[in-house]
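So the chains spell out like this:
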Amino acid sequence: RDVVDKILERLPDGPPSQLQIASSLHLSNRTLQRKLREEGTSFIELLQDSRMQLARKYLSSHGRSVVETAYLLGFSEPSTFSRAFKRWNGVAPAEYREGARAASR
């Protein structure tokens, strides 16, 4: 959970590296990697899952554009975010947002 919290703190500045997160937790990179493996996950999996969950949350809330969401999640380009979101969810971010808005009505 601490790793995810640190990832979320740093996402708006771009995707954090495993080394940055390990350092902020006062761990060596290798120790963090070992602990994550013991938990059955990896840094990349946690980073991608965190981004995916936040993307869904941001796109479901009113007032956030796809571009703003992309930058909040640390993507350098909205098109990169759109491709990743479609890979994660099977639909484009704008389609997901419209579906979420329709469901909330």
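These notes cover the structure that comes with them.

Cut-offs and rules
Residues numbered from 1 in each chain as written. Predicted model: local features only at pLDDT ≥ 70, side-chain atom pairs only at ≥ 80, totals over all residues. Heavy atoms only, no water. Buried < 20%, exposed > 50% of the residue type's maximum accessible area, 1.4 Å probe, protein only. Helix = DSSP H or I, 4+ residues; strand = E, 2+ residues; numbered from the N terminus. Arc of directions from axis to C-beta. Contact = heavy atoms within 4.5 Å. Phe/Tyr/Trp six-rings, centres within 6.5 Å; stacked < 30°, edge-to-face > 60°. Lys NZ or Arg CZ within 6 Å of the ring centre and 35° of its normal.

## Here we look at helix α1 (residues 2-10)
If you check which residues of α1 are buried, you get V3, V4 and I7. Down the axis of α1, the buried side of the element spans an arc of 95 degrees, and every buried residue falls inside it. Set apart from the buried face of α1 by more than 90 degrees, the exposed residues are D2 and E9. Packed against the buried residues of α1 are α2 (18-24), α3 (29-38) and α4 (43-60).

## Thoughts on the packing of aromatic side chains
In total, this model carries four aromatic pairs according to the counting rule given. Ring geometry for F85 versus Y96: centroids 5.3 Å apart, planes at 70 degrees, classification edge-to-face. Separated by eleven residues along the polypeptide, F85 in helix α6 (residues 78-89) and Y96 in helix α7 (residues 93-104) bring together distant segments of the chain. Here F85 falls in the buried class, since its relative accessible area comes to 0%. What makes Y96 partly exposed here is its relative accessible area of 24%. Here a set of aromatic residues connected by ring pairs shows up, and it is made of F75, F81, F85, W88 and Y96. Here R51 stacks its cationic end above the ring of F75, 3.8 Å away from the centre of that ring.

Read these as layout, nothing more, since geometry by itself doesn't imply function.
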